[in-house]
Amino acid sequence: MVDGAGVAPTGYVADDEFLYRRVLPHYIDWETNPPEPASEAFFDRDFRISVDRAELRGYDPSYTQGGSSNCVCCLLTRSVRKIDEVVKGDSKGGVAMQHNVDVEPVPLPDNVAHAEIFAVPHISNDRLFRRLRHALKRLSSWEQGIAP
Amino acid sequence: MSVLTVSARKQTSIRRPTSDRIFYDVRHVAVGDDPAFVHENFRTPLAGTSQKLGQMLSWQENWNRHGAAKPNALSILNALRWIDHMRIDLASARMRWREPYVVPDANGHIVFEWSCRDRTLSIYISPDTVEYLKVKGPNIYSDMEDGEIVADDYLDLWRWLMEPE
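The following paragraphs examine the structure supplied in this document. Bear in mind the structure is a predicted one, so any value in this text is a computation, not a measurement.

### Brief notes about the pairing of strand 8 (residues 114-120) of chain A
Residues and elements named next belong to chain A.
- By the criterion of burial, strand 8 is predominantly enclosed, with six of the seven residues buried.
- Pairing of strand 4 (residues 49-53) with strand 8, which is carried by four bridges, proceeds in the antiparallel orientation. Bridging across to strand 8, S50 finds its partner in E116.

Next comes the structure, spelled out in structure tokens:
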């Protein structure tokens, strides 16, 4: 199974792979200079953030863009995996749970480049997930040509 | 036709107008049976935010095509009240106001977000709670702090956001 770019997807997302994330106009903070993606641009109700593997998109972000009014930002997988452990504290000031952040391919019938950023163990608390979204916002950069 | 007129007049009595105050008259003048026409001459400090929140009331389920919930009307109402209180209290404390970036989150609750230099302050408003998240870097543990906002905690949050270290 190959995608339109003629690249066969692998079962592992390498550290040096770039990831594309579509950013709708509603999720661009125009109050900053230059405009930035808002942290909510990385939300997902399942607590797994959908991205496209840039190599499998032929390094063409327009496949991810999905509409001329949308923008695309880019993340490096190595940076995502280096996000510090997401730690949930307990009421006594100790560590109740630690999470690591990873990226895995989740090819779809209409998108073999699809992958997901997620925490292990799974995060089901939005208060904790917000921190991950903010970290991804800080690690992302606009993709040239598809920026606000 | 009814006409609402707003006129600015220079105060010539003992109270001298300052550079940041305009004294004005608002008079309703009824002319015929047409409904009154009201024209906004001055933009309010929350005009943009209020407009965006009002628009969200009409957004539907999956408005972002990524499964987002329909914006919660009670969250929107709570957000409007809360941000108005915040703005008034900041003005009383003589702190400079900036309108936030505003968007509904995945669950239909309201997020206000401000960025200043390398800092970000996010406020999350649901019908029952108001929570904050302070961010000054990508380190999830050492660069971020969250909690529930109680009373006028936002004054300290605003100082942290706006004032240099």
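Right, picking up where we left off after that structure.
### Some thoughts on the pattern of salt bridges
- Counted according to the given criterion, the structure contains 18 salt bridges over all chains.
- Salt-bridge contacts for D146 of chain B lead to R131 of chain A; the nearest nitrogen and oxygen are separated by 3.4 Å. A residue pair is termed interchain when its members come from two chains, as with D146 of chain B in strand 7 (residues 144-148) and R131 of chain A in helix 3 (residues 126-139).
- Residue D156 of chain B is joined to R159 of chain B by a salt bridge in which the shortest nitrogen-to-oxygen separation is 2.7 Å. With a gap of three residues between them, D156 of chain B and R159 of chain B both fall in helix 3 (residues 154-162), about one helical turn apart.
- The exposure class assigned to R159 of chain B is partly exposed, which follows from its relative accessible area of 33%.
- What emerges from the salt-bridge pattern is a single network uniting E40, D126, R127, R130, R131 and R133 of chain A together with E131 and D146 of chain B.

### Quick look at the environment of W97 of chain B
Residue and element names in this part refer to chain B.
- For W97, the location among the structural elements is in the loop between helix 2 (73-92) and strand 3 (101-104).
- C-alpha separation for the pair W97 and Q60, spaced 37 residues apart in sequence, amounts to 31 Å.
- Each residue touching W97, except ones within four places of it in the same chain, is listed here: P45, L46, I83, M86, R87, L90, W114 and W158.

What counts as what
The numbering scheme is per chain: residues are counted from 1 as the chain's sequence reads. Throughout, the order in which chains and ligands are written sets their labels, letters from A for the former and numbers from 1 for the latter. Owing to the predicted nature of the model, reporting of local features is limited to residues with pLDDT of at least 70; listing and counting of side-chain atom pairs is limited to 80 or more, with chain, interface and lining totals taken over all residues. Values shown for side chains rest on all heavy atoms present in the structure; no hydrogens or waters enter the calculation. Buried, partly exposed and exposed residues are distinguished by accessible area as a fraction of the type maximum, computed with a 1.4 Å probe on protein chains only: under 20%, between the cut-offs, and over 50%, respectively. Helix and strand labels come from DSSP, where a helix needs a run of H or I of at least four residues and a strand needs a run of E of at least two; each type is numbered from the N terminus. In this analysis, strands are considered paired if DSSP registers two or more bridges between them. A pairing counts as a salt bridge when a side-chain nitrogen of Lys or Arg comes within 4 Å of a carboxyl oxygen of Asp or Glu. For this analysis, residues touch if any pair of their heavy atoms sits within 4.5 Å.

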